[in-house]
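Okay, here's what each chain looks like letter by letter:
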Amino acid sequence: MLFMKENREKVMQESTLKESAAINQILGRKWHQLERTEQAKYYDMARRERAIHLKLYPGWSARDNYAMGKSRKKRKRANTGGGSANTTGGSAVGVGQAVHMKGGGGSISDCYSDDSESAAKKCRARFGMEQQEAWCKHCRRK
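Definitions and cut-offs
Residues numbered from 1 in each chain as written. Predicted model: local features only at pLDDT ≥ 70, side-chain atom pairs only at ≥ 80, totals over all residues. Heavy atoms only, no water. Helix = DSSP H or I, 4+ residues; strand = E, 2+ residues; numbered from the N terminus. Buried < 20%, exposed > 50% of the residue type's maximum accessible area, 1.4 Å probe, protein only. Contact = heavy atoms within 4.5 Å. Phe/Tyr/Trp six-rings, centres within 6.5 Å; stacked < 30°, edge-to-face > 60°. Axes fitted to C-alpha atoms, helices over the stretch in contact; angles between N-to-C directions. Parallel < 35°, antiparallel > 145°, perpendicular 65-115°, else oblique. Nonpolar A, V, L, I, M, F, W, Y, C, P; charged D, E, K, R; others polar. Left-handed = near helix turned anticlockwise from the far one by under 90°. pLDDT = per-residue confidence, 0-100. Salt bridge = Lys/Arg side-chain N within 4 Å of Asp/Glu carboxyl O.

(A) Looking closely at the overall build of the chain. Assigned secondary structure in the chain consists of 6 helices and 0 strands. Element order for the chain, N to C, with α for helix and β for strand: α-α-α-α-α-α. Within the chain, buried positions represent 20% of all 142 residues. Long-range pairs, those at least 24 residues apart, make up 44% of the contacts in the chain between residues at least 6 apart in sequence.

(B) How the structure looks around the packing of aromatic side chains. Under the criterion given, the structure shown has 4 aromatic pairs. Taken together, the ring pairs in this structure connect Phe3, Trp31, Tyr42 and Tyr43 into an aromatic cluster.

(C) Spatial organisation of the packing of helix 1 (residues 2-14) against helix 3 (residues 36-56). Interhelical geometry of helix 1 versus helix 3 gives an angle of 115 degrees and a closest axis separation of 9 Å. Taken together, helix 1 and helix 3 sit at an angle that is classed as roughly perpendicular. Across from Leu2, Phe3, Glu6 and Asn7 in helix 1, the residues of helix 3 making contact are Tyr42, Met45, Ala46 and Glu49. Classifying every residue of the contact of helix 1 with helix 3 gives 5 nonpolar, 1 polar and 2 charged.

(D) Seen up close, the packing of helix 1 against helix 2 (residues 20-33). Running from N to C, helix 1 and helix 2 point in directions that differ by 115 degrees, and their axes come no closer than 10 Å. By the angle class used here, helix 1 and helix 2 are roughly perpendicular. Judged by the sense of rotation from one axis to the other, the crossing of helix 1 with helix 2 is right-handed. Facing helix 1, whose interface residues are Phe3, Met4, Asn7, Arg8, Val11, Met12 and Glu14, helix 2 presents Ser20, Ile23, Asn24, Ile26, Leu27, Lys30 and Trp31.

(E) Layout of the confidence of the model for the chain. Taken residue by residue, the chain gives an average pLDDT of 74. The fraction at 70 or more is 66%. The secondary-structure element of the chain with the lowest mean pLDDT is helix 4 (residues 62-81), recorded at 71, while helix 3 shows the highest, at 94. Residue range residues 83-107 is modelled with pLDDT below 50. Its contacts to residues more than four positions away, or to other chains, number 46 contacts. Scored below 50 in pLDDT, residues 113-119 makes 6 contacts in the model with residues more than four places away or belonging to other chains.

(F) Focus on the pattern of salt bridges. Under the counting rule described, the total for this entry stands at 3 salt bridges. Where glutamate 14 meets lysine 30, a salt bridge forms, and the shortest distance between an N and an O atom there is 3.4 Å. Separated by 16 residues along the polypeptide, glutamate 14 in helix 1 and lysine 30 in helix 2 bring together distant segments of the chain. Its relative accessible area of 31% is what places lysine 30 among the partly exposed residues. A salt bridge links aspartate 44 to arginine 47, with the nearest nitrogen and oxygen atoms 2.5 Å apart. Of the two residues, aspartate 44 and arginine 47 are both situated in helix 3; the distance of 3 residues between them amounts to about one turn of the helix.

Rendered as structure tokens:
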């Protein structure tokens, strides 16, 4: 990573390519062309950077960051989601409508309506990606 950070500008100036993937390929080839002693220099730099990071942030873990991202997404989705037609509530369910309960849901048969085969829709088609909290348990697992 330190090698790429140090050499990325040079490679971008030398080549006409602007795509990150192509530049990363060039940098990877250059890394493998380096002698072991040159690579060892970057490994030592990485060890020093790691030690500094551990001193500055002793309890930090990448796993914690990933978990926070998921909870942020859930909170954002809950704030912008609003209500949906078939969530828990006192409304009666008509013939051919699937019962969807927020936070639980039922079996796989709840994903389909009973009228006809053409009216059968899965939760994604009925509610859309924005209202995943209204999906049944089976569809949320997919």
